[in-house]
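Structure at a glance
Spelled out from the first residue to the last, the chains are:
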Amino acid sequence: MSGLLLALLLYVGAQLAIGAWVSRRVASEDDYLLAGRRLGYGLAGFSIFATWFGAETCLGAAGSVYTDGVSLGTTEPFAYGVCLLLLGVVFAGPLWRRRLTTLADLFRERFSPGVERVAALLMIPTSVLWAAAQIRAFGQVLASASALDVHLAIAVAAGVVILYTAMGGLLADAITDVVQGLALIAGLVAMTVGVVWALGGPAATWAAIAPGLPPADVSQDLSLLAIAEAWAAPLFGSVVAQELVARVSASRSAAVARRASIGAGCAYLAIGTIPVFLGLAGAALLPDLADAEQILPHLAQQLLPGWAQLLFVGALVSAILSTVDSTLLVSSSLLSHNLVQPALPALGERAKLLVARAGVVGFGVVATGIALAGDSVAGLVHEASALGSAGILVVVVFGLFSRWGGPAAAYAALLTGVMTYVGAVATDFAYAYLLSLGASLAVYVALALGPREEPAR
């Protein structure tokens, strides 16, 4: 076993130990899913940033820029960072004041229990796809740090992540996010210094990366619709993702939820430019890689000394762990809180916790299968952002900010969004997400304008 792999396993083991220690404070569903609703600015802000700053921001974004350069269609980190700012400015306060356990609770309170169940069933696959992307990336990091086959590394990574997530709940997640976020920033900075040194200093670095930067007339290569499609899924498809809503709900006040989201968005935009830079620099230093998503591990291996390699690999693992535990927890929370508990209302707190932890394990196994079959990290993340999210956003906006429209409009918008998106993707329609968003909005408005329904109270 290489020293790098051993150090990586020790680092992951330390995260597991933190999760196990914190898990002793978990006595109820509220503790497990929402950290007792007591996160302050530091924990909430770091947790939102670290949860969102996942494998796609590091491996996926760097690989995409390595292959295609930067254009107006480049969404990482720009669209996802703006997404967090939009969450803080528009949604965080109203969502916190609802005192939700999951986002699906809003659909029950505002529309009906049936709408709640449909929404939960649509949101679960999104989180499982997101988890699959992180598990795939974790496997790639393990493979690059050892002689393990990528598929075997993915399976090993999945086992670690499932165990880590099942133990701790959101409080453990938030505490480890601080450790992981600091490790992530330190690793990316170390990598940046190493790359600039290898390229011969700042002036030489700028000359090397300039060919991948957009010219002034870059918009002529992309239609406005193509740019809108590229930005719509990460921006509108993620702004009310359950991973974010959980941290908003877990904050100790509306002000904390709002300011933590805005702070996390600013940090995401600032730190997220580093993988973009590394992708551009990698194209100059290591051209013609067979797998573009491996550019960051290859740069670390060839440019950094052993201690800095460890720091950078730790940063990648931190980014991945901080996201994947959240996505598996979200899938499980929607299953246990919004589907199982309504069917079995006599469940006690111990049974609720057992169901939630079993859900983490089950969804972890499913995500592992998807990770083994997936083509790329970036592709899995795009599907996670887009699948079913158009209808979710439309119904959340009307449900949160108005009393206009009832259960029929909500059902129609949710189902129309996912069916339109799947159909558009199957027929290779270029603007699948925009079409699904427009269709969801149109059917909601059409039914809301019809005979008045009495919304659920």
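As shown above, the structure is provided for reference.
Keep in mind it's a predicted model, so treat the numbers as computed, not measured. (Residues numbered from 1 in each chain as written. Predicted model: local features only at pLDDT ≥ 70, side-chain atom pairs only at ≥ 80, totals over all residues. Heavy atoms only, no water.)

1. Some points on the overall build of the chain
- Each helix and strand counted, the chain has 19 helices and 0 strands in total.
- Within the chain, the proportion of its 457 residues that are buried is 59%.
- Long-range contacts, defined here as pairs at least 24 residues apart, represent 86% of the contacts in the chain between residues at least 6 apart.
- In the structure as shown, the chain presents an accessible area of about 16,700 Å², 69% of it carried by carbon and sulfur atoms. (Helix = DSSP H or I, 4+ residues; strand = E, 2+ residues; numbered from the N terminus. Buried < 20%, exposed > 50% of the residue type's maximum accessible area, 1.4 Å probe, protein only. Contact = heavy atoms within 4.5 Å. Areas by Shrake-Rupley, 256 points an atom, 1.4 Å probe, with all protein chains shown as cover.)

2. With respect to the side chain of S440
- Within the element layout of this structure, S440 appears in helix α19 (residues 432-448).
- At a separation of 2.9 Å, a polar atom in the side chain of S440 contacts the main-chain carbonyl oxygen of S436.
- For S440, the contacting residues outside a window of four places in its chain are A390, G391, V394, A413, T416 and G417. (Polar contact = N/O pair within 3.5 Å; in protein donor to acceptor, adjacent residues only side chain to side chain.)

3. As for the pattern of salt bridges
- Applying the stated criterion to the full structure yields 6 salt bridges.
- Between E109 and R98 there is a salt bridge; the shortest N-O distance is 4.0 Å. A residue pair is termed long-range when its members are at least 10 positions apart, and E109 in helix α6 (residues 103-110) and R98 in the loop between α5 (78-97) and α6 qualify at 11 residues.
- Ionic pairing is found between R108 and D105, a salt bridge with its closest N-O pair at 3.1 Å. Of the two residues, R108 and D105 are both situated in helix α6; the distance of 3 residues between them amounts to about one turn of the helix.
- In this structure R108 comes out as partly exposed when scored by relative accessible area, which is 29%. (Salt bridge = Lys/Arg side-chain N within 4 Å of Asp/Glu carboxyl O.)

4. Digging into the environment of F53
- When you line up the elements, F53 lands in the loop between α3 (41-52) and α4 (55-68).
- A relative accessible area of 0% places F53 in the buried class.
- Considering only alpha carbons, one finds F53 and Y268, 215 residues apart in sequence, at a separation of 6.9 Å.

5. Thoughts on the side chain of S249
- Note that S249 resides in helix α11 (residues 242-250).
- Classification of S249 by relative accessible area gives buried; the value is 2%.
- There is a polar contact of 3.4 Å between the side chain of S249 and the backbone oxygen of L100.
- In contact with S249, not counting residues within four places along its chain, are L34, R37, W96 and L100.

6. Description of the environment of R357
- Looking at the secondary structure, you find R357 in helix α15 (residues 349-373).
- Not counting residues up to four positions away in its chain, the partners in contact with R357 are S23, V26, Y32, A166, M167 and S332.

7. Observations concerning a nonpolar patch on the surface
- On the surface, V89, V90, V397 and F401 cluster together into a nonpolar patch covering about 310 Å² of accessible area.
- Elements with a minimum of two residues in the nonpolar patch: α5 and α17 (389-401). (Patch = residues over 30% accessible without salt bridge, like charges linked within 9 Å, V, L, I, M, F, W, Y side chains within 5 Å.)

8. A short note on unusual backbone geometry
- We note that A35 has phi near 55°; this positive angle belongs to a residue other than glycine.
- Secondary-structure assignment places A35 in the loop between α2 (29-34) and α3.
- The class of A35 is buried, set by a relative accessible area of 1%.
- Phi at R37 takes a positive value of approximately 55°, unusual for a residue other than glycine.
- Within the secondary structure, R37 sits in the loop between α2 and α3.

9. Overview of α5
- Between its terminal C-alpha atoms α5 stretches 28 Å, which fits the 28 Å expected from 20 residues at 1.5 Å a residue.
- Helix geometry: α5 is bent most strongly at F91, by close to 60°, with proline P94 lying one to four residues after it.
- For α5, the set of buried residues is A79, Y80, G81, C83, L84, L87, G88, F91, A92, G93, L95 and W96.
- After α5 finishes, the residue R99 shows a positive phi value of roughly 55°. (Expected span 1.5 Å × (residues − 1). Bend = angle between axes of the 7 residues up to and from the residue.)

10. Concerning the packing of aromatic side chains
- As enumerated under the stated definition, the model contains 6 aromatic pairs in all.
- Each ring, one from F49 and one from F53, has its centre 5.3 Å from the other, and the planes form 45°; the classification is tilted. As far as burial versus exposure is concerned, F49 and F53 are alike and both buried.
- Relative to F401, the ring of F91 has its centre 5.8 Å away and its plane inclined at 55°; by these criteria the two rings are tilted. Of this pair, F91 sits in helix α5 while F401 is found in helix α17, placing the two residues 310 residues apart along the sequence.
- Residue classification places F401 among the partly exposed residues on the basis of a relative accessible area of 41%.
- Here the aromatic residues F49, F53 and Y268 are joined through ring pairs into a cluster of three or more.
- The ring of W96 carries R99 above its face, with NZ or CZ at 5.0 Å from the centroid. (Phe/Tyr/Trp six-rings, centres within 6.5 Å; stacked < 30°, edge-to-face > 60°. Lys NZ or Arg CZ within 6 Å of the ring centre and 35° of its normal.)

11. Overview of the nonpolar core
- The biggest cluster of nonpolar side chains holds 136 residues, and the ones touching the most others in it are W52, L103, F107, L296, I392, L414 and Y444.
- Considering each element in turn, this core owes the most residues, 15 residues, to helix α8 (residues 150-199).
- Setting aside chain neighbours within four positions, we find L296 in contact with C58, L59, A62, M191, L278, F312 and L316. (Core = buried A, V, L, I, M, F, W, Y, C linked by side-chain atoms within 4.5 Å.)

12. Quick word on the packing of α5 against helix α10 (residues 224-236)
- Orientation of α5 relative to α10, taken along the N-to-C sense of each, is 40°, at an axis distance of 8 Å. By the angle between their directions, the pair α5 and α10 is classed as oblique. Handedness of the α5/α10 crossing: right-handed. Listed contacts from α10 to F78, A79, Y80, V82, C83 and L86 of α5 are W231, P234 and L235.
- Its residues placed into classes, the contact of α5 with α10 shows 9 nonpolar, no polar and no charged. (Axes fitted to C-alpha atoms, helices over the stretch in contact; angles between N-to-C directions. Parallel < 35°, antiparallel > 145°, perpendicular 65-115°, else oblique. Left-handed = near helix turned anticlockwise from the far one by under 90°. Nonpolar A, V, L, I, M, F, W, Y, C, P; charged D, E, K, R; others polar.)

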